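Geometric and topological summary
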Amino acid sequence: KYSSATAIIVILAFCWVYIRKFQSRQESEVVSTITAICALAIALITSALLPVDIFLVSFMKYPNGTYKEWAANNETRGQIEDTVLYGYYTLYSIILFCVFLWIPFVYFYYEERDDDNVNRCSQVKNALKYTVGFAIVCVVLLLIGGQGNISKGPLVFSPTDGLPALSFSISSLTLIGMLAVITYTAYGMSVLPLNLIKGTRSVQYERLENTEDIDDVELQIEKLKSKCKDGRPLSSRDRNNLQELEGKLQVLQRRGRHLEIAERNCCTKVGSALRPFKILLGIFFILVALLFTVALFISNLDKALHSAGISSGFIIFGTNLTNPLNELLLALQPVFPLDYILITVITMYFVVTSMAGIRNMGIWFFWIRLYKIRPKKTRPQALLFLCMILLLIVLHTSYMIYSLAPQYVMYGSQKYLVQVRNNVSGSTSGNATFATTRTCDADAPEDQCTVTRSYLFLHKFWFFSTIYYFGNWAFIGAFLIGLVVSCCRGKKSVIEGEVEADDSDLSDDEYLTHPTP
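Bear in mind that the values here come from a model prediction, so they are computed numbers and not experimental data. All residue numbers refer to positions counted from 1 along the written sequence of the respective chain. Totals for whole chains, interfaces and linings use all residues, but because this is a predicted model, local features are given only for residues with pLDDT of at least 70 and pairs of side-chain atoms are given and counted only at 80 or more. As a rule here, side-chain values cover all heavy atoms of the structure and leave hydrogens and water aside.

Helix and strand assignments follow DSSP, with helices taken as H or I runs no shorter than four residues and strands as E runs no shorter than two, numbered in order from the N terminus. When helices and strands are tallied, the protein shows 17 helices and four strands. The rule is simple: take the accessible area with a 1.4 Å probe, protein chains only, and divide by the maximum for that residue type; under 20% is buried, over 50% is exposed, in between is partly exposed. For the protein, with 517 residues in total, the buried portion stands at 47%. Considering only contacts in the protein between residues 6 or more positions apart, those separated by 24 or more positions represent 79%. Total accessible area computed for the protein in this model is approximately 25,800 Å², and 63% of it derives from carbon and sulfur atoms. Note on contacts: a residue pair qualifies if any of its non-hydrogen atoms lie within 4.5 Å across the two residues. Note on areas: Shrake-Rupley, 1.4 Å probe, and residue coverage restricted to the protein chains presented here.

If pLDDT is low for a region, its predicted coordinates should not be looked at in detail. A score from 0 to 100, pLDDT tells how confident the predictor is in each residue. Put simply, the protein has an average pLDDT of 80, and 88% of its residues get 70 or more. Below pLDDT 50 for its whole length, residues 151-160 participates in 15 contacts with residues either more than four positions away or in separate chains. Low confidence marks residues 509-514, where pLDDT is under 50. Its contacts with residues over four positions away, or in another chain, come to 12 contacts.

With that settled, consider the packing of aromatic side chains. The relation between two aromatic rings is expressed through the spacing of the ring centres and the mutual angle of the planes. For this analysis, a ring pair means two rings from Phe, Tyr or Trp (six-membered ring only for Trp) whose centres lie within 6.5 Å, classed as stacked if their planes differ by under 30 degrees, edge-to-face if by over 60, and tilted for the remaining angles. Taken as a whole and assessed by the stated rule, the structure comprises 26 aromatic pairs. The interplanar angle of 25 degrees and the centroid separation of 6.1 Å between the aromatic rings of F105 and Y109 together place this pair among those described as stacked. Taken together, the residues span about one helical turn, with F105 and Y109 both in helix α4 (residues 74-113) at a distance of four residues. On the basis of relative accessible area, Y109 is assigned to the buried category, the value being 11%. Measuring from ring centre to ring centre gives 5.4 Å for F292 and F350, while their planes differ by 15 degrees; the resulting arrangement is stacked. On the criterion of sequence distance, the pair formed by F292 in helix α10 (residues 275-306) and F350 in helix α12 (residues 338-361) is long-range, its members being 58 residues apart. Residue classification places F350 among the buried residues on the basis of a relative accessible area of 3%. Site record: aromatic cluster; members linked through ring pairs are Y107, F108, Y130, F134, Y371 and F385. For K68, the ring lying beneath its charged end belongs to F59, and the centroid distance is 3.5 Å. Geometry around Y130 places K129 over its ring, the cationic atom sitting 5.4 Å from the centre. Both a distance and an angle decide whether a charge sits over a ring: NZ of Lys or CZ of Arg must be within 6 Å of the ring centre and within 35 degrees of the ring normal.

The next point concerns the layout of surface pockets. Empty pockets left among the atoms are what a rolling probe the size of a water molecule brings to light. Space inside and on the surface of the protein is sampled on a 1 Å grid over the protein atoms alone, with a cavity defined as a set of points where a 1.4 Å probe fits but cannot get out and a pocket as an open set with protein on both sides within 12 Å along at least 5 of 7 lines; lining residues have an atom within 4 Å of a point. Grid points are joined across faces, edges and corners, and a volume is the space filled by probe spheres set on the points. Volume-wise, the largest pocket comes out at about 1,600 Å³. K21, T200, K278, R359 and K492 are, among the 46 residues lining the largest pocket, the residues nearest its centre. Examining the composition of the lining of the largest pocket, we find that seven residues originate from one element, α12, more than from any other.

Another aspect to go through is the packing of helix α13 (residues 380-404) against helix α16 (residues 462-488). The N-to-C vectors of α13 and α16 enclose an angle of 75 degrees; their axes lie 11 Å apart at closest approach. As summarised for this structure, α13 and α16 are arranged roughly perpendicular, according to the angle between their axes. Here H396, Y399, M400 and S403 of α13 come into contact with α16, specifically with S465, Y468, Y469, N472 and F475. Every axis in this analysis is a line fitted to C-alpha atoms, fitted for helices over the stretch in contact. Angles between the N-to-C directions lie between 0 and 180 degrees. Each angle gets one of four labels, with under 35 degrees taken as roughly parallel, over 145 as roughly antiparallel, 65 to 115 as roughly perpendicular, and the rest as oblique.

Moving on to the environment of I495. Its place among the elements puts I495 in the loop between α16 and α17 (505-513). Along the primary structure I495 and P375 are separated by 120 residues, whereas in three dimensions their C-alpha atoms are 9.9 Å apart. Apart from the residues within four sequence positions on either side, I495 is in contact with R255, H258, L259 and A262.

Between its first and last C-alpha, helix α5 (residues 120-145) extends 37 Å over 26 residues, near the 38 Å set by a 1.5 Å rise per residue. Where α5 bends most, the angle comes to about 25 degrees, and this point is T131. Inspection of α5 places Q123, N126, A127, T131, C138, L141 and G145 among the buried residues, and these make up the whole buried set. Expected helix span is computed as 1.5 Å times (number of residues minus one). Fitting axes to the seven residues ending at a residue and to the seven starting there, one defines the bend at that residue as the angle between these axes.

As a packed pair, helix α6 (residues 163-198) and α13 sit with axes 7 Å apart at the nearest point and diverge in direction by 95 degrees. Of the possible angle classes, the one that applies to α6 and α13 is roughly perpendicular. Where α6 approaches α13, its residues I170, L173, T174, I176, G177, M178, A180, V181, Y184 and T185 are matched on the opposing element by I389, L392, I393, L395, H396 and M400. Classification used: nonpolar for Ala, Val, Leu, Ile, Met, Phe, Trp, Tyr, Cys and Pro, charged for Asp, Glu, Lys and Arg, polar for all others including Gly. Here the residues of the contact of α6 with α13 sort into 12 nonpolar, four polar and no charged.

Moving on, we come to the pattern of salt bridges. When a carboxyl oxygen of Asp or Glu lies within 4 Å of a side-chain nitrogen of Lys or Arg, that pair is called a salt bridge. A full pass over the atoms with the stated rule returns four salt bridges. When the shortest N-O distance is used, the salt bridge between R255 and E206 registers 2.7 Å. Residue R255 is located in helix α8 (residues 236-264), and its partner E206 is located in helix α7 (residues 203-226); the two are separated by 49 residues in the primary sequence. Residue class for E206 comes out buried when judged on its relative accessible area of 1%. One salt bridge in this structure joins R264 and E260, with 3.3 Å as the shortest N-O distance. With R264 and E260 both in helix α8 and four residues apart, the pair spans about one turn of that helix. R264 sits in the exposed class, given a relative accessible area of 55%. Residue E260 is classed as partly exposed on the basis of its relative accessible area of 35%.

By nonpolar core is meant a set of buried Ala, Val, Leu, Ile, Met, Phe, Trp, Tyr and Cys residues that side-chain atoms within 4.5 Å join together. F292, I346, I358 and L391 are the most contacted members of the largest nonpolar core, which totals 113 residues. If you tally residues by element for this core, the top one is α13, at 18 residues. Counting residues in each nonpolar core, the second largest holds nine residues, with L224, L234, L249 and L252 among its members.

Mapped onto the fold, T174 is located in helix α6. Once residues lying within four places of it in the same chain are set aside, the contact partners of T174 are L395, H396 and Y468.

Take a look at the structure:
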């Protein structure tokens, strides 16, 4: 209990620091801030449920394949499985509430706040009006999922336990999460390690370059203004050029002030001292990303070669090709708790790279950029979008991890006993038998191996599994494209994202008054 409470406190503290880091001080509001922090915390807590699920089904058995004394009873095991299932019910229901009710209401409430003529009651009324549309979509998805005749697959559930309705709704959201994973996580897996390896540009060189640019722009402005010294008005073309140059000069001057602060900032000096560590961390991250890509490719190839095809959702009940990540997890089983630490690290890795992808790309709707994610200048609506995207990404992360290590995610480190006939010539006892242990797989007896509750949610509807399968191929392609793009790009500026042409002087003054530590 104490460890769980400590973990939740740590997650909430991280979410508070993360949101406050990017939140605009001008437009911050208590309701949107609390909503963003809670939604991000829910995303992180949900992502931690899969390792817990795998740990619990594995913890029921000894390494020799026998059940532990407290888990020998079917009723006890059933209670533990139900507890995990209720955990999924609770967190997934909270996600549905956040995505379809809470976040949309706060978003539209804040949008209505921009209109000065609207009072508080009108804000609530208009926000509720738009939120009703999201609630209707949620109800429709639950009703469709409650129809037992649309499910088809190897696992059958009772339609009265509520699993089909919730699973269909979550799977529908997971499709959107799949698009977010292909867009943001794939790019984040390439840009995060390469940014760590390449580092940032020298702040002294950037200041020198910026000063030269300021001198050049001021010279051009002086040349334009010299045309009207004798009283003649400037042409429309010259006036437009002068306006553009003055705007560019303001941006360069703001950039110079930021670079001056960055040069004095102790964090910049500490970051320079930690360059060797960042390079090693970047190399580790890129190796992990390549391992994931290879494992995902082998898993998808295995499904393409050995599954029944589209009509079955490309579902297979074992690994026919050697999957390096699955084998690594199985090899770490004897050394407790290395396999659980690794699966937790994998889960957190997806979340961190997703954050990095959203941070570097911003929030897009097809080819239209909706919001930028920048330190101390991110609008509340952008933070709400960020948290909603992370909630959707976390939903798809479970399927991604299953694709990376299908056997381990399905059964964990469970083993079972099997009787083997020993035909020894000359034996007086005839054909003797002895017990040996095997790793749990689809061929194991149902009463000897417990399937994780996560697997039940993932494979309730075969057509979702089919879409996820093709989504994995798209993810591999997006990662490779992102890797090429990230390699071709130069080093980032030390003040990346702090100064933009559309920033107001007021926001810049506020940033300089409260600079990033």
